[in-house]
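Each chain, letter by letter, is given below.
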Amino acid sequence: MTAERTPRNHDSLVSRLQELEVIVCCGSGGVGKTTISAALGLALAQRSDRKVLVLTVDPARRLATALGLKDIGTEPVTVPRARLRRAGIEMQGELVAAMLDMKSTFDRMVMRVAPTRRDAERILENRFYQGISDSFIGSHEYMAMEALYELHEAGEYDTLIIDTPPSRNALDFLEAPNRLTDFVGARLLSWLSGPTRFGFRAINLAAAPFLRMADRLLGADVLTEVAEFVADLQKIYGGVQERARDVYKLLRSSRVGFVVVTTLEPSPFGEAEYFCTRLREYRMPLRGVVVNRTWPDSLRNHTALATATALAEDQRLPEWLTERLGHRVQPDALHALAVNWLELHAIAERDARQLSRLARLGDVHAVTIPLFSEETSELEGLARIANLL
Amino acid sequence: MCPPRCPRRSILPPRRRHRPPSAAGALDELVGKRIVFVAGKGGTGKTTVAAAIALLAAKTGKQVLGVEVEPKGDLAGALGSSGASFKPALAQANVSVLALHPEESFHEYLNTFFKVPRLARATPLAKVFDFIATAVPGPRDMLVVGKVAFEERRRDDKGRPAWDLIVVDCSASGHVLAQLNAARSMMQLVRGGMIRSQVEWIDQVISDARRTALVLTALPEEMPVVETVELHDQIVKQRGVRVVACVLNRMIRAPVPPASRRLLAQLTTGDAEVRARVPGIGSIGADLELSERLHRTAEAQAQRLRSGIAVPVIEVPLLATRTGLATTRAVASSLTEQTAAVSP
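Below or above, wherever it landed, is the structure these notes cover. (Residues numbered from 1 in each chain as written. Chains lettered and ligands numbered in written order. Predicted model: local features only at pLDDT ≥ 70, side-chain atom pairs only at ≥ 80, totals over all residues. Heavy atoms only, no water.)

**Considering the sheet that holds strand S6 (residues 212-218) of chain B**
All names here are of chain B. Keep this limit in mind: One requirement defines pairing of two strands: DSSP has to find at least two bridges between them. Secondary structure follows DSSP: runs of H or I at least 4 residues long count as helices, runs of E at least 2 residues long count as strands, and numbering of each begins at the N terminus. Fitted lines through C-alpha atoms give the axes, limited to the stretch in contact for helices. The angle between two N-to-C directions lies from 0 to 180 degrees. Residues count as neighbours in contact if any of their non-hydrogen atoms are within 4.5 Å of one another.
A sheet is described by the order of its strands in space; here eight strands give the open sequence S3-S4-S2-S5-S1-S6-S7-S8, paired in mixed fashion. If you trace the sheet from one side to the other, it starts and ends with strand S3 (89-92) and strand S8 (313-317), each paired once. Averaged over all pairs of adjacent strands, the angle between strand axes in this sheet comes to 25 degrees, irrespective of strand direction. On the sheet, helix H2 (residues 46-59) packs against strand S1 (35-40), strand S2 (64-68), S3, strand S4 (95-99), strand S5 (165-172), S6 and strand S7 (242-251) and is oriented at approximately 180 degrees with respect to S5. Set on the sheet, helix H14 (residues 325-339) makes contact with S3, S7 and S8; between it and S8 the angle comes to about 135 degrees.

**Considerations on helix H11 (residues 258-268) of chain B**
In plain terms, the rule: Burial classes follow relative accessibility: with a 1.4 Å probe on protein chains only, a residue under 20% of its type's maximum area counts as buried, one over 50% as exposed, and anything between as partly exposed. The arc in question is the one traced by the directions running from the helix axis out to the C-beta atoms.
When H11 of chain B is considered as a whole, its buried residues turn out to be Ser260, Leu263, Leu264 and Leu267 of chain B. Down the axis of H11 of chain B, the sector holding all buried residues measures 105 degrees, keeping them to one side. When the buried face of H11 of chain B is taken as reference, the exposed residues oriented beyond 90 degrees from it are Pro258 and Arg262 of chain B. Tucked into the core, H11 of chain B has its buried residues touching helix H14 (302-313), helix H15 (317-325) and helix H16 (331-357) of chain A together with helix H12 (272-277) and helix H13 (281-308) of chain B.

**Some thoughts on the sheet that holds strand S1 (residues 22-26) of chain A**
Residues and elements named next belong to chain A. What the eight strands build is an open sheet, ordered S3-S4-S2-S5-S1-S6-S7-S8; its pairing is mixed. Pairing within the sheet leaves two strands with one partner each, and these edge strands are strand S3 (77-78) and strand S8 (366-370). Note that strand S2 (residues 51-56) and strand S5 (residues 159-163) share four bridges and pair parallel. Residue pairing for S5: Leu55 is matched across the bridge by Ile162.

**Describing the packing of helix H5 (residues 102-113) of chain A against helix H6 (residues 117-125) of chain A**
Residues and elements named next belong to chain A. Operational definition: We call two directions roughly parallel when the angle between them is under 35 degrees, roughly antiparallel when it is over 145, roughly perpendicular when it lies between 65 and 115, and oblique otherwise. Take the far helix as the reference: if the near one is turned anticlockwise from it by less than a right angle, the crossing is left-handed, and if turned clockwise, right-handed. Nonpolar residues are Ala, Val, Leu, Ile, Met, Phe, Trp, Tyr, Cys and Pro. Charged residues are Asp, Glu, Lys and Arg, and all others, Gly as well, are polar.
In contact at an axis separation of 8 Å, H5 and H6 are set at 150 degrees when each is read in the N-to-C sense. The angle between the axes of H5 and H6 places the two elements in the roughly antiparallel class. Along this stretch, H5 crosses H6, giving a crossing that reads as right-handed. In this structure, H5 uses Asp107, Val110 and Met111 to contact H6, whose residues at the interface are Arg117, Ala120, Ile123 and Leu124. Across the contact of H5 with H6, the residue classes break down as five nonpolar, no polar and two charged.

**Here we look at the pairing of strand S7 (residues 286-294) of chain A**
All names here are of chain A. This is how the line gets drawn: Assignment of crossover handedness uses the view with strands pointing away from the viewer, where a clockwise path from the first strand over the helix to the second indicates a right-handed crossover.
By the criterion of burial, S7 is predominantly enclosed, with seven of the nine residues buried. One ladder, built from five bridges, connects strand S6 (residues 256-262) with S7; its direction is parallel. Across the sheet, the residue bridging to Thr262 is Val291, located in S7. Chirality of the crossover, the property in question, places the unit of S6, helix H13 (residues 266-281) and S7 among those that are right-handed. Two strands pair when backbone bridges link them, and S7 and S8 are joined in this way by four bridges, in the parallel orientation. Within S8, the position partnered with Thr294 by the bridge is Pro370.

**Concerning unusual backbone geometry**
Look at Arg293 of chain A: it is not a glycine, yet its phi comes out positive at around 55 degrees. The topology assignment puts Arg293 of chain A in strand S7. A residue is classified by how much of its surface remains accessible, and Arg293 of chain A, at 29% relative accessible area, is partly exposed. Positive phi values are uncommon outside glycine, yet Asn94 of chain B reaches one of about 70 degrees. Along the polypeptide, Asn94 of chain B turns up in the loop between S3 and S4.

Now the structure itself:
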């Protein structure tokens with residue numbers, strides 16, 4: 001185990017996040033984003049009297065496990081103080097966890113922005129709606145931000161921490177509000193649906209060849225339904241666009257901070273670098289980078305490297321050791337020691353080179369969290385990470 | 001879209017017990033197919049595994065097409081090429097890569113089957129196609145499998161298949177189910193219309209176990225294992241494509257053999273002269289101990305994976321390379337080693 005840094009210094013990541021109302025943890029899948037957001041929440045609730053809500057997107061199991069809870073639903077659950085105390089954790093504030101309910105967020109958004117109740121209902125009942133709200137590219141990402149906005153407006157918590165949905169490229173949600181308005185807002189769709197909005201039967205003649213072909217392709221019913229649905233979506237365009245602007249404004253404000261989580265594996269690290277750059281472009285405040293699961297520095301120790309090289313290559317060594325130790329030393333046995341270590345050494349070297357690239361991103365506060373291998377309880381492990389933040 | 005999950009008391013439920021199937025021969029089976037889908041949770045090494053399978057097949061002289069499904073995927077990069085477009089481009093000897101683009105596949109489809117000329121991007125019609133192809137989920141997913149099936153059927157001017165093997169680097173886990181099942185979903189959506197027979201044909205290609213197979217990718221960590229087992233079960237339940245193997249990436253190497261361990265202890269506690277000859281041995285010992293603990297954790301997860309799914313698990317060790325062709329080659333040779341038939 002490498003020496004753990006003393007926490008609570010003035011320069012810790014958490015001290016930089018302490019006054020924020022919203023913290024967004026982003027990074028590609030599998031880097032430990034959820035664990036890091038839970039640890040950030042824990043650290044904040046330990047070191048201040050803030051009421052902190054940690055939000056996760058479905059599935060919430062990882063967050064539940066990290067916090068030692070059985071299950072987390074869309075209703076906020078407070079992590080019991082007694083349980084935290086048993087794990088040796090004292091809290092000043094309060095730690096609450098919940099899963100984002102993106103489907104109902106989407107429904108609420110439609111209800112809010114539709115001109116009439118009837119319009120809202122028609123949209124919600126359309127069979128394409130289900131598919132769109134579930135799997136429209138970016139809707140998950142956007143809905144996370146929309147839900148975050150709702151919770152922030154409600155003002156029940158001092159700090160909201162959210163881990164963004166696991167997407168191959170965690171940038172998606174930044175573009176999500178744009179894509180959503182593009183999607184609902186494509187003006188030309190009114191060209192398809194026509195001013196009377198009675199489906200394509202009432203449509204402008206220029207669309208006729210397309211519609212005939214679409215009829216052959218999909219059958220007439222499908223297209224009529226699409227056209228009607230599009231006409232309805234058209235009505236909510238203005239509302240959605242306005243809302244997306246507000247969400248953007250919040251994400252750019254000084255009350256919000258982004259934390260990029262990554263490991264030093266090449267592909268998530270590359271995405272993290274890209275992500276940092278894009279946040280700058282979007283003028284969204286990047287407050288720090290958490291580099292998770294780093295190998296110990298001892299793997300880059302020069303003496304150890306010299307010794308491992310000798311074990312692998314020094315052909316007189318087995319004989320010399322055979323004499324000194326008084327029994328036959330097999331070269332293979334020495335070799336195996338060296339090879340195993342040298343492989344890890346190569347990984348640690350690569351990771352160190354990657355880490356040094358972070359400096360190129362300018363003045364970014366970076367925290368490294370070493371690989372923990374000891375089997376501790378989840379909460380103890382979380383407290384350990386919280387201590388390093 | 002995430003399928004509904006049943007609430008579970010324990011995060012890793014007890015799984016059915018059976019003897020894990022051997023990995024030997026799994027690779028040969030894959031390379032012998034016409035279409036191989038590589039699917040798994042994000043960050044589990046799908047792209048590298050897809051590229052490695054493509055390289056291995058190409059080495060046997062097969063003409064291989066790699067298909068990149070995610071708009072931000074980098075299958076071309078894993079094959080040492082700078083990028084892919086909708087038109088297949090040669091990345092390595094015998095390996096071409098194409099990036100799937102719903103809009104382009106839609107145009108191609110219309111052009112091939114309905115003789116509809118390519119529409120200018122600027123026209124409102126093209127945008128309407130965009131809407132249907134990218135916003136309404138059924139057709140978009142359909143275009144993924146449709147294009148793959150279409151490439152499978154493509155013939156060169158001598159009437160031979162244009163590709164011996166098509167390797168698909170799929171979307172991240174949740175979405176791949178919708179894609180694999182797209183043809184069937186469409187059959188429900190499109191009751192009439194001319195597309196129906198084509199949809200049926202596509203479904204036949206996808207669910208033909210002789211032609212088509214799927215490989216899962218996983219990591220030896222808790223969540224990826226849980227999710228891989230779930231994905232496996234859902235694919236099996238869907239009864240579409242046949243799952244042939246699971247590649248477990250980034251395995252921590254097994255600890256040193258007992259003889260080495262004894263030697264390590266003797267060197268660490270040896271006299272001053274011995275320690276002077278191998279001064280870094282204490283540090284090496286501590287690092288190997290960390291690695292051993294990590295291996296134990298990883299092995300426990302690997303064990304859960306093996307007993308949770310009914311297909312062979314092929315282990316690929318943690319590598320020190322950066323992404324790209326070097327990693328792909330390392331993974332390819334590791335796949336070969338792990339799946340070589342054990343001689344009696």
